[in-house]
Amino acid sequence: MATYDKEKYDSETTVPASPIGDIESGETDKLHRALKGRHMQMIAIGGSIGAGLFVGSGSALSSGGPGSLVIDFLIIGFMLLLTVNAMGELAAIYPVAGSFYNYSIRFIDPAWGFAMGWNYAMNWLIVLPFELTTAGITIAFWTDPNDTGHPSISVGVWITIFLVMVTAINFFGVKGYGEVEFVLGLIKVVAIIGFIILGIIIDCGGVPTDTRGYIGAKYWHNPGAFRNGFKGFCSVFVTASFAFGGTELVGLAAAEADNPRKTIPKATKQVFWRISLFYVISLFLLGLIVPSDNESLSSASGGNTRYSPFVLSFRLAGIKVLPSIFNAVITLSVISVANSCTFASTRTVQALCARGMGPSWGAKVDKKGRPWVILIFALSIGGLAYINLASSGSTIFTWLLSISGLSNFFTWGSICFAHIQFRRVWKMNGRTIDQLPFAAMFGTTGSWIGLGLNILCLIAQFYVALFPIGGKPDAMAFFESYLAAPIVILFFIGYKLYYKQWSLGVDLKAINVDEGRREIDLVAFNEEMAAEKAEKATWPAWKRYWDFWF
């Protein structure tokens, strides 16, 4: 049986025009299909591994303890396994620009898709100046070693430098973005693998400068595996979701992948395993070698990398050189996330504008496939980072960030439900799972579980926002944590009122499942899929299991 190394329906295929804006047909001369498999995988890793893991995990360890930290990250990781598989199935068959919100428009409700699109775009637009500020603050590790609050070089200087860097990267289009993310992602992966190896050595007492000797599971007993009870457990969900945020970027990049049917399934499966293993193993080791009652952990947030649990673990072990090296890795990680912010926001807003859900000028794309108008707008939003230099800037910025606080849960939950609806439409049209370019590993059952877990996480966040750890119910604190929810509802209702659409949901029977597919000759496509499945049936059991999971 021949091996199909190259898909018949590659990037040279031209798709006839279509009246519907969410399908890819009109996009072949716009967003370029320049991303390879290695880019797709590192984009998801690069968009995920950043300050949320390297710094934010410290405050999570302090508030919930090592037990809550590992369990919550395992739960969110499992939820992401289900979510990225659902997304992979949709993105493989419909590799369209602005994929997340498009799936919601098509299979859930146009108003909900509108709300999800702008919610997702606002999330990344607002996170960009936050990441630029964080990158600038990380430099204070060297320019203000005594933590006086007055670094020798102003944070504003570094914000400017990093904003120029992000602008330069995006000047080279999607290919330049992909190459930069590949390199930065590789650096982060190597750093985490190095930490895992060193963490094991520290825990076993193999570092001569560490006076603690063999540690083992000492800190799980004293000060204990869990802190602050159920509230502490729930509070870690927010940190975990922020840390995992960006895993879905591989789906957003689908419209610019040269062969989505081949690259997306591999990327969705492999990226999940890599991120989950990196997160869970590294955080488990952190809980072993850093006590959760260390006073420095409560200050671990944003760009305060001197309080990063990773940096702290090296200091507790008496290792002098590694804190600076790892701080450099954190700085590069934050720049990587800032780069992903620009990619995610510009592609989503461009797709929204192309569909008429935003100003028409926002849909413009130049000859190199860059949504240049929205790119300029997004980079100008990065200038909000300078607000933090003002005395009251942090307060203003906290409210801006609160708009995007729950964005990930809404996005992931919508992906799961859109997948459930898609499978209903697929079945209504007499299609079988074997005819899908890629089928989610756990089917609709996995999407129902993923949707349920997202809802539970929203409830947990509501509980912590209403009854914060160590405090009483406070309206301002509540809306700082939960402002994103009413804004999503406002977008949803606003769309309904503006377009006078009073019905809920979409008519599933009226959906044409073949609109938006990259394949032209569906008969030839089905024959190719059947041939590939027949070839896989001849594989030994171990190879089939490997292909299923990885």
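It should be noted that the structure appears before, not after, this text.
Caption draft 1: Unusual backbone geometry, seen in detail. Each neighbour pair has its own omega, and for Asn-222 with Pro-223 the value is 20 degrees, a cis peptide bond. Of note in the backbone geometry, Asn-228 takes a positive phi value of approximately 60 degrees without being a glycine. Tracing the sequence through the fold places Asn-228 in the loop between α9 (218-224) and α10 (229-244). A relative accessible area of 41% means that Asn-228 is categorised as partly exposed. At Lys-500, a position not held by glycine, the phi torsion is positive, near 55 degrees. Looking at the element boundaries, Lys-500 is found in the loop between α20 (484-499) and α21 (522-537).

Caption draft 2: How the structure looks around the pattern of salt bridges. Counted by the stated rule, this structure contains four salt bridges. Note that Glu-89 and Arg-423 form a salt bridge whose closest N and O atoms lie 2.7 Å from each other. Residue Glu-89 is found in helix α3 (residues 56-93), and its partner Arg-423 is found in helix α17 (residues 407-428); the two are separated by 334 residues along the sequence. No difference in accessibility class separates Glu-89 from Arg-423, as the two residues are buried. Note that Arg-212 and Asp-210 form a salt bridge whose closest N and O atoms lie 3.0 Å from each other. Exposure remark for Arg-212: the relative accessible area of 23% places this residue in the partly exposed category.

Caption draft 3: Structural context of the packing of aromatic side chains. Per the counting criterion, the structure on display carries 33 aromatic pairs. Every member of this aromatic cluster is reached through a ring pair, and the members are Phe-54, Phe-195, Phe-310, Phe-314 and Phe-326. Over the ring of Tyr-94 we find Arg-106; its NZ or CZ atom is 4.5 Å from the centre of that ring. Across from the ring centre of Trp-539, 4.5 Å away, lies the NZ or CZ of Lys-543, which sits over that ring.

Caption draft 4: Local environment of the environment of Leu-458. Within the secondary structure, Leu-458 sits in helix α18 (residues 443-466). Residue Leu-458 is classed as buried on the basis of its relative accessible area, which comes to 13%. When the C-alpha atoms of Leu-458 and Leu-406 are compared, they prove to be 7.6 Å apart, with 52 residues separating the residues in sequence. For Leu-458, the residues in contact, after removing those within four places along its chain, are Leu-406, Phe-409, Phe-410 and Tyr-482.

Caption draft 5: Expanded view of the side chain of Ser-241. Inspection of the secondary structure assignment puts Ser-241 in helix α10. Setting aside chain neighbours within four positions, we find Ser-241 in contact with Ile-76, Asn-408, Phe-409 and Trp-412.

Caption draft 6: Summary view of the packing of helix α5 (residues 110-138) against helix α15 (residues 372-381). Running from N to C, α5 and α15 cross one another at 45 degrees; their axes reach a closest spacing of 8 Å. Between α5 and α15, the angle is such that the two are oblique. Residues Leu-125, Leu-128 and Pro-129 of α5 pack against Phe-377, Ala-378, Leu-379 and Ile-381 of α15.

Caption draft 7: Here's a closer look at the side chain of Ser-308. Checked against the element boundaries, Ser-308 lands in the loop between α12 (260-289) and α13 (309-316). Here the side chain of Ser-308 touches Phe-54 through a polar contact of 2.5 Å, landing on its backbone oxygen. Leaving out residues up to four positions away in the same chain, Ser-308 has contacts with Phe-54, Val-55 and Ile-330.

Caption draft 8: Main features of a nonpolar patch on the surface. A surface patch of nonpolar side chains, amounting to about 280 Å² of accessible area, comprises Ile-153, Val-157, Ile-161 and Met-165. Position of Met-165 among the secondary structure elements: in helix α7 (residues 155-171).

Caption draft 9: Here's a closer look at α5. Compared with an ideal rise of 1.5 Å per residue, which puts 29 residues at 42 Å, α5 spans 41 Å between its outermost C-alpha atoms and is within 8% of the ideal. The largest bend in α5 is about 25 degrees, located at Leu-128, with the proline Pro-129 one to four residues further on. Of all 29 residues in α5, 26 are buried; the element is thus mostly enclosed.

About the thresholds
Residues numbered from 1 in each chain as written. Predicted model: local features only at pLDDT ≥ 70, side-chain atom pairs only at ≥ 80, totals over all residues. Heavy atoms only, no water. Helix = DSSP H or I, 4+ residues; strand = E, 2+ residues; numbered from the N terminus. Buried < 20%, exposed > 50% of the residue type's maximum accessible area, 1.4 Å probe, protein only. Salt bridge = Lys/Arg side-chain N within 4 Å of Asp/Glu carboxyl O. Phe/Tyr/Trp six-rings, centres within 6.5 Å; stacked < 30°, edge-to-face > 60°. Lys NZ or Arg CZ within 6 Å of the ring centre and 35° of its normal. Contact = heavy atoms within 4.5 Å. Axes fitted to C-alpha atoms, helices over the stretch in contact; angles between N-to-C directions. Parallel < 35°, antiparallel > 145°, perpendicular 65-115°, else oblique. Polar contact = N/O pair within 3.5 Å; in protein donor to acceptor, adjacent residues only side chain to side chain. Patch = residues over 30% accessible without salt bridge, like charges linked within 9 Å, V, L, I, M, F, W, Y side chains within 5 Å. Areas by Shrake-Rupley, 256 points an atom, 1.4 Å probe, with all protein chains shown as cover. Expected span 1.5 Å × (residues − 1). Bend = angle between axes of the 7 residues up to and from the residue.

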